[in-house]
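# Chains, contacts and geometry: an overview
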Amino acid sequence: MAVVGLGTMGAGIAEVFARAGIGVVAIEIDADALGHGLGILEASLAKAVARGKLAEAQQAEIWGRIRPAASFSDAARVDLAIEVVPERMEIKRQVFAELDRVCSPEAILATNTSSLSVTTIAAASKHPGRVIGMHFFNPAPVMRLVEVVSTVLTGPELSAQVADLARHLGKTPVQVRDRAGFVANALLVPYLNHAVKLLETGYASREDIDTAAAAGIGLPMGPLALLDLIGLDTSLSILEVLRGEFGGPRYAPAPLLRRLTDAGRTGRKAGRGLYEYAGGARDDHDKGGNEAAPSSPSTVTLIGSGRAAEAELASAVAAAGVNVTRNPAHPSDLIVIVAGPDEQVLSAAIATGRGQQAVGLHLAAAGLVEVVSTCLTGQAHAAAAAALADRIGRKAVRAPDRPGFLVGALLYPHLADAVRMVQDGYATVADVDTAMTLGCGYPHGPFELLDKTGPAAVLDGLRGMQAGYGDPAFAPPPLLAEHAAAGIGFTG
Ligand SMILES: NC(=O)c1ccc[n+]([C@@H]2O[C@H](COP(=O)([O-])OP(=O)(O)OC[C@H]3O[C@@H](n4cnc5c(N)ncnc54)[C@H](O)[C@@H]3O)[C@@H](O)[C@H]2O)c1
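Counting restarts for each chain: residues are numbered from 1 in the order of the written sequence. Owing to the predicted nature of the model, reporting of local features is limited to residues with pLDDT of at least 70; listing and counting of side-chain atom pairs is limited to 80 or more, with chain, interface and lining totals taken over all residues. With hydrogens and water excluded, all non-hydrogen atoms of the structure serve as input to the side-chain values.

### Things to note about the sheet that holds strand S2 (residues 24–27)
Which entries qualify depends on this criterion: Criterion used throughout: strands pair if DSSP finds at least two bridges between them. Comment: elements are numbered from the N terminus, with helices defined as DSSP H or I runs of at least four residues and strands as E runs of at least two. Think of each axis as a best-fit line through the C-alpha atoms, taken over the contacting stretch in the case of a helix, with angles from 0 to 180 degrees between the N-to-C directions.
Reading across from one edge, S3-S2-S1-S4-S5-S6-S7-S8 is the order of the 8 strands in this open sheet, with mixed pairing throughout. Single-partner strands in this sheet number two, and they are strand S3 (66–68) and strand S8 (172–177). Across the sheet, the axes of successive neighbouring strands diverge by a mean angle of 25°, strand direction being ignored. The pairing of strand S6 (residues 131–136) with strand S7 (residues 145–150) spans 4 bridges and is antiparallel. Residue pairing for S7: Phe136 is matched across the bridge by Val146.

Shown next as structure tokens:
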């Protein structure tokens, strides 16, 4: 096989093939770029040896399978060529024209494009039936997902054949049609963009948004930190492609995403994006006000609707040595209204007659509390509630009294996108969960998360967001409403 373009992804893809025992012709634009690409590959293998994950003998064998090419004609006898050049249509087309010229008509020509139309690339080929997308994830030797993307021009057997090849490489394929963002990016990037919108509109702080995703949803990294890793510019261009294909407010880039990109604050690679990276370390100077939390209150009025969370919170607060009263007429330092993300804290706060002292608390996940401020809540009281959360051993994130609070506001629209993708007949539930776990490192796929939360709760959350903001981006997909009405999950 041949890999064209030995950059970040190409070097990794060459390694994947060579590790699977397949000879690789490595093609680059010039000798310097080839030397650089081979250097990436060599360093990756050396790292695997140093970590004890690869024997030196294997390293030599793998290295022996890589054949640096002097020109495209060295790819004349390959069965498969993968183009991994920069994400620009004119460069991709040039490369495919060269491959058309040198490769046999039976050879498979694949593109690793993330966001360009595979169909447009194929249509320019002399033999479009053998052109397919083979979308690897970064780092290619580690990430197990390969999206196999067929077009309306792709030969009938090719997708299955390439999926088998992906399995031979030790990867898990998901076979889809050519549509913007395929599965993983079409779900991930709008979610990241929505997190930027929450930050930009002052809904929550940078750190709280990332903590809500990590501690509240269980994702390995918060969306803002992830954006810095992927690159704000890369994410913005994928979003533009999604918007061009699907339209609608869900894909409208957050102005802040565009401004930061324009300003060159593109993420880790630039040393700054949504965070600053001084000498490689992240500078978390904005703690969302949590670092200035005063001492926790000594007497708390606890109000709930008899839900389990109320009892759990009451015993945790009492165990931490804080007095608990249930009567709002009794003097206390703080009124805590135990709330769910589908409830409004404000009406309960007004009913106490002490709205300034009233704060909502939502036990969002094991170890995480959402501290919910209404328009009446005093800042000192919100800070006291955060201190109380700390005292009972929970992380606190601050959120306004709006539908879904913070965790739900991030999660529900993301889950709705996943449901919509299945509803559209684009991917199966299993495809979506596979793509997000193996391509994006989610510990649980969106449908597993959805079933854990419950379709009815997600539906309520989305309806609240749609009604609250009047934004069609939050409209629940009919398939979700059907599952909620029938009381059935998606993964069972
Ligand atoms: N970086 C990622 O996380 C990622 C993930 C999945 C897919 N992709 C896709 O993979 C492709 C490559 O991305 P990358 O991040 O590896 O880019 P990159 O810039 O790191 O590498 C591109 C390589 O192509 C070489 N090149 C340019 N023109 C060439 C030509 N005419 N002939 C041969 N080689 C040429 C460059 O010298 C460079 O080494 C893009 O389509 C991108 O969308 C990237």
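### Considering the sheet that holds strand S11 (residues 299–303)
Each strand in a sheet pairs with its neighbour through backbone hydrogen bonds, running either in the same direction (parallel) or in the opposite one (antiparallel). If you trace the 6 strands from one edge of the open sheet to the other, you get S12-S11-S13-S14-S15-S16, paired in mixed fashion. Whereas interior strands pair on both sides, the edge strands pair on one side only; in this sheet they are strand S12 (323–325) and strand S16 (395–400). When strand polarity is set aside, the average angle formed by the axes of neighbouring strands in this sheet is 35°. Two elements, strand S14 (residues 358–365) and strand S15 (residues 368–373), share 5 bridges in a ladder whose sense is antiparallel. Directly across from His362, in S15, lies its bridge partner Glu370.

### Considerations on the side chain of Asp433
Note the threshold: Each residue is assigned to one of three classes by its accessible area relative to the maximum for its type, calculated with a 1.4 Å probe on protein chains only: buried under 20%, partly exposed between the two thresholds, exposed over 50%. Positive charges come from Lys and Arg, negative ones from Asp and Glu, while His and the chain ends are left out of the count. For salt bridges, the criterion is a side-chain nitrogen of Lys or Arg within 4 Å of an Asp or Glu carboxyl oxygen. Here, two residues are considered to be in contact whenever any of their heavy atoms come within 4.5 Å of each other.
Looking at the element boundaries, Asp433 is found in helix H16 (residues 429–440). Lacking a salt bridge, the buried Asp433 has Lys452 as its closest oppositely charged neighbour, with an N-O distance of 12 Å. Beyond its immediate chain neighbours, meaning those up to four positions away, Asp433 contacts Gly445, Pro446, Phe447, Glu448 and Thr491.

### A short note on the pairing of S11
Sheet faces and side chains relate simply in a regular strand, where the side chains alternate between the two faces. Basically, it comes down to this: Orienting the strands away from the viewer, one traces the path from the first strand over the helix to the second; a clockwise path indicates a right-handed crossover.
Counting buried positions over the 5 residues of S11 gives 5, a clear majority of the element. Alternating residues of S11 divide into Thr299, Thr301 and Ile303 and Val300 and Leu302, and every residue in both groups is buried. By the bridge criterion, 3 bridges tie S11 to S12 in an arrangement that is parallel. For Thr301, the partnering residue across the bridge sits in S12 and is Thr325. Crossover connection from S11 via helix H12 (residues 308–319) to parallel S12: handedness right-handed.

### Describing the pattern of salt bridges
Within this structure, the stated rule accounts for 17 salt bridges. In this structure, Glu87 engages Lys92 in a salt bridge whose closest nitrogen and oxygen atoms are separated by 3.5 Å. The exposure class of Glu87 is partly exposed, given its relative accessible area of 33%. What makes Lys92 buried here is its relative accessible area of 2%. Measuring nitrogen to oxygen at the nearest pair gives 3.0 Å for the salt bridge that ties Arg420 to Asp417. Of the two residues, Arg420 and Asp417 are both situated in helix H15 (residues 407–423); the distance of 3 residues between them amounts to about one turn of the helix. Using a relative accessible area of 5% as the deciding quantity, one classes Asp417 as buried.

### Structural notes on the packing of H15 against H16
So the rule is basically this: Orientation categories follow fixed angle ranges, with anything under 35 degrees roughly parallel, anything over 145 roughly antiparallel, 65 to 115 roughly perpendicular, and all other angles oblique. Definitions for this section: a left-handed crossing has its near helix turned counterclockwise from the far helix by less than a right angle. A right-handed crossing has that turn clockwise. Throughout this entry, Asp, Glu, Lys and Arg are counted as charged residues, while Ala, Val, Leu, Ile, Met, Phe, Trp, Tyr, Cys and Pro are counted as nonpolar. The remaining residues, Gly among them, count as polar.
At a minimum axis separation of 9 Å, H15 and H16 run at an interaxial angle of 135°. Here H15 is positioned oblique relative to H16, judged by the angle of their axes. Relative to H16, the crossing made by H15 is right-handed. Residues His414, Ala418, Met421 and Val422 of H15 pack against Val429, Val432 and Met436 of H16. Class assignment for the residues of the contact of H15 with H16 results in 6 nonpolar, 1 polar and no charged.

### Quick look at the packing of aromatic side chains
For the record, the criterion: Any pair of Phe, Tyr and Trp rings, taking the six-membered ring for Trp, is counted once the centres come within 6.5 Å. Such a pair is stacked with planes under 30 degrees apart, edge-to-face with planes over 60 apart, and tilted for the rest. Criterion for a charge above a ring: Arg CZ or Lys NZ at most 6 Å from the ring centre, at most 35 degrees from the ring normal.
The full count for this structure, using the stated rule, is 4 aromatic pairs. Ring plane angle 35° and centroid distance 5.6 Å describe the contact between Phe246 and Tyr251, whose orientation is recorded as tilted. Take Tyr251: its relative accessible area is 15%, and that puts it in the buried class. Against the face of Tyr426 rests Arg179, its NZ or CZ located 4.1 Å from the ring centre. Across from the ring centre of Tyr275, 3.9 Å away, lies the NZ or CZ of Arg282, which sits over that ring.

### Some remarks on the nonpolar core
Side chains of nonpolar character tend, in soluble globular proteins, to be buried together. To be explicit about the condition: Each nonpolar core is a collection of buried residues, namely Ala, Val, Leu, Ile, Met, Phe, Trp, Tyr and Cys, held together in the definition by side-chain atoms within 4.5 Å.
With 89 residues, the main nonpolar core has Val183, Leu406, Leu410, Val432 and Phe447 as its most contacted residues. For Leu406, the residues in contact, after removing those within four places along its chain, are Leu198, Tyr203, Ala204, Asp208, Ile209, Ala212, Glu370, Val397, Arg398 and Ala399. Met1, Ala26, Ala48 and Val162 belong to the second largest nonpolar core, which has 37 residues in total.

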